[in-house]
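Chain and residue survey
Residue-level listing of the chains:
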Amino acid sequence: MGTPLAAPGLLLLLAGTAGLCRAFFSVPLRVSHPVAPGGSPPAPVVLRPASGSRQQDPLGGADGLALASDPGGTLNFLAMVENLQGDSGRGYYLEMLIGTPPQALNILVDTGSSNFAVAGVPDPDVTSYFNTKLSSTYKSQGIDVTVKYSQGSWTGVLGTDVITIPKGIYGSYTINIATILESENFFLPGVKWHGILGLAYDALAKPSSSVETFFDSLVRQAKIPNIFSLQMCGAGLPVSGSGTNGGSLVLGGIEPSLYKGDIWYTPIKEEWYYQVEILKLEVGGQNLQLDCREYNADKAIVDSGTTLLRLPQKVFSVVVQAIARTSLIQEFSSGFWTGSQLACWDKTERPWSLFPKLSIYLRDENSSRSFRISILPQLYIQPILGIGENLQCYRFGISSSTNALVIGATVMEGFYVIFDRAQRRVGFAVSPCAEVDGSPVSEIEGPFTTADVASNCVSSVSFHEPVLWIASYALMSLCAIILLVLIILLLIPPRCQHRYTDNDVVNDESSLVRHRWK
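About the criteria used
- Residues numbered from 1 in each chain as written.
- Predicted model: local features only at pLDDT ≥ 70, side-chain atom pairs only at ≥ 80, totals over all residues.
- Heavy atoms only, no water.
- Helix = DSSP H or I, 4+ residues; strand = E, 2+ residues; numbered from the N terminus.
- Buried < 20%, exposed > 50% of the residue type's maximum accessible area, 1.4 Å probe, protein only.
- Contact = heavy atoms within 4.5 Å.
- Areas by Shrake-Rupley, 256 points an atom, 1.4 Å probe, with all protein chains shown as cover.
- Salt bridge = Lys/Arg side-chain N within 4 Å of Asp/Glu carboxyl O.
- Pairing = 2+ DSSP bridges.
- UniProt positions renumbered as here; feature names shortened; annotations may be inferred.
- Phe/Tyr/Trp six-rings, centres within 6.5 Å; stacked < 30°, edge-to-face > 60°.
- Lys NZ or Arg CZ within 6 Å of the ring centre and 35° of its normal.

**Some thoughts on the overall build of the chain**
Counting its secondary structure elements, the chain contains nine helices and 30 strands. Looking at the chain residue by residue over its 518 residues, the buried ones come to 52%. Within the chain, residue pairs in contact and separated by at least 24 positions form 73% of the contacts whose partners lie at least 6 positions apart. Put simply, the chain shows about 23,100 Å² of open surface, and 55% of that area lies on carbon and sulfur atoms.

Structural data, given as structure tokens:
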């Protein structure tokens with residue numbers, strides 16, 4: 001981009017020595033994002049709320065694709081437009097009515113986990129909770145469940161109750177619900193939601209995959225198509241603002257008014273998280289030239305519950321170097337890239353022009369082709385807070401990860417994302433609300449050839465959490481058996497043991513030296 005120029009607008013880097021960041025910024029830089037919890041799954045318990053058997057969807061089959069609303073039926077997609085509130089810093093939430101009589105709660109929308117859980121007791125960081133004693137339709141299953149995240153965890157009890165979504169599908173439905181009785185760093189100060197709606201596959205459900213997920217219950221009971229779509233409208237807005245940014249969760253199909261241009265689909269590689277295949281990354285139009293397997297180590301997922309774009313450590317380092325090299329800033333503190341410092345400019349200036357575009361290539365449904373989704377700096381250089389009357393501070397909306405590439409809210413705010421579970425694919429289209437100062441901040445282009453990348457960028461060996469549990473417990477059982485045998489041998493009475501005398505001669509002929517294992 002030519003000779004780097006000094007950035008006169010870069011007035012301040014909030015460093016620890018100055019202490020300024022602490023004085024004006026108390027909201028955590030990252031909201032916890034779900035990863036699969038540890039622990040052992042109990043024996044499978046089938047928890048399927050009572051209702052009729054699964055039937056074909058009236059709009060072309062339960063597995064069909066709904067592209068238009070049915071105002072007189074279960075689905076009215078227009079009624080679901082702008083049914084979300086929130087921001088990328090603390091998540092987007094949906095209002096839900098739970099129990100009889102109904103109790104109104106805000107529920108975080110999370111495509112990176114599979115349990116539906118709400119606060120079941122008072123908590124200092126939540127304004128409301130679900131009081132099961134006040135609901136005549138609540139039924140406890142008496143099964144404890146614990147879910148751990150990369151930051152935070154909760155423990156609760158499984159049960160069932162009826163739910164209604166005021167700005168969702170029509171009707172009330174009986175759903176598995178976990179009431180959270182204890183939590184640690186799960187409900188954060190300032191959040192406006194009281195529970196979490198996990199929309200991933202049942203493979204991630206706790207305590208076992210036999211717990212029917214929220215969306216599977218809706219598909220079965222309401223007979224809606226097995227598809228939902230998500231739009232989050234926080235581009236260019238403070239990530240920890242008033243929480244009034246809009247968004248839409250469309251259950252059962254696609255709302256045409258929520259996207260522009262074509263929808264580009266990439267296959268779902270594995271049905272646990274929404275795992276996809278990343279082929280390459282570009283910064284400022286320049287290929288990073290990494291092996292495509294680096295981008296998928298050990299998985300690449302689409303997760304609305306993760307606030308940032310998270311990259312495997314090696315990829316993150318290369319991306320930071322490329323951004324620093326192509327930006328118009330000669331010197332930039334390393335603390336900004338790691339998330340420990342904020343960068344501040346005069347409020348009259350827009351720092352986004354100093355940074356390059358970032359592009360992610362995904363494999364198309366036609367495996368010989370790919371398409372790319374691109375985000376402009378307005379999505380990854382994110383406003384946080386103002387200092388006084390003159391300064392606006394920003395954070396870096398990309399972070400490193402030890403176990404995944406996560407397409408989180410930083411990227412998703414630029415697109416209308418379709419989770420087409422029926423056809424095992426995730427779709428991306430440009431979102432009309434992804435604009436800053438009237439200009440689009442996201443792009444989709446394609447198709448491109450995949451001749452320059454490997455035919456498969458995802459490891460053929462995929463160790464999902466349930467498989468790891470089985471393997472770990474098998475090894476633990478084996479170790480326990482060996483330990484038990486050793487203890488028994490140590491406790492054998494001395495009289496049962498042979499005592500050598502002077503007449504006993506141990507030589508090479510009678511020892512294992514001669515009869516050793518070959």
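**Quick look at the pattern of salt bridges**
In total, this model carries 18 salt bridges according to the counting rule given. Its salt-bridge partner being arginine 372, residue glutamate 282 comes within 3.8 Å of it at the nearest N-O pair. With a gap of 90 residues between them, glutamate 282 in strand S15 (residues 278-283) and arginine 372 in strand S21 (residues 369-375) connect regions that are remote in the sequence. For glutamate 282, a relative accessible area of 9% puts it in the buried group.

**Describing the pairing of strand S9 (residues 195-198)**
Burial along S9 is two-sided: Gly195 and Leu197 and Ile196 and Gly198, pointing in opposite directions, are all buried. The sheet contact formed by strand S4 (residues 103-110) and S9 spans four bridges and is parallel. Note that in S9 the partner of leucine 108 across the bridge is isoleucine 196. Sheet topology places strand S5 (residues 116-119) next to S9; three bridges connect them, and they run antiparallel. Paired with valine 118 across the bridge in S9 is glycine 195.

**Re the sheet that holds strand S30 (residues 442-449)**
Reading across the sheet, the five strands line up as S16-S15-S20-S21-S30 and stay open at both edges, with antiparallel pairing between neighbours. Each of the sheet's edge strands pairs with one partner strand only, and the pair in question is strand S16 (286-287) and S30. Looking at chain direction, S21 and S30 are connected through six bridges and run antiparallel. Bridging from a neighbouring strand, isoleucine 373 pairs with isoleucine 444 of S30.

**Some thoughts on the UniProt feature "glycosylation site" (unreviewed entry) in the chain**
Residues annotated in UniProt with the feature "glycosylation site" (unreviewed entry) correspond here to Asn366. Within the secondary structure layout, asparagine 366 lies in the loop between strand S20 (358-363) and S21. Residue asparagine 366 is classed as partly exposed on the basis of its relative accessible area of 37%.

**Concerning the packing of aromatic side chains**
Tallied over the entire structure, the rule returns 23 aromatic pairs. Here the aromatic rings of phenylalanine 116 and phenylalanine 214 are separated by 5.1 Å at their centres, their planes lie at 70°, and the arrangement is edge-to-face. Of this pair, phenylalanine 116 sits in strand S5 while phenylalanine 214 sits in helix H3 (residues 214-222); the two residues are 98 residues apart in sequence, bridging distant segments of the chain. Centre to centre, the rings of tryptophan 345 and tyrosine 394 are 5.5 Å apart; their planes meet at 80°, and the pair counts as edge-to-face. One end of the pair, tryptophan 345, is in strand S19 (residues 343-346); the other, tyrosine 394, is in strand S23 (residues 391-396), and 49 residues separate them in sequence. As far as burial versus exposure is concerned, tryptophan 345 and tyrosine 394 are alike and both buried. An aromatic cluster is present here, built from Tyr201, Phe215, Phe228, Tyr274 and Phe419 joined pairwise through their rings. Its end group placed over the ring of tyrosine 201, arginine 421 keeps NZ or CZ at 4.7 Å from the ring centre. Positioned over the ring face of tyrosine 265 is arginine 425, at 3.7 Å from the centre of the ring.

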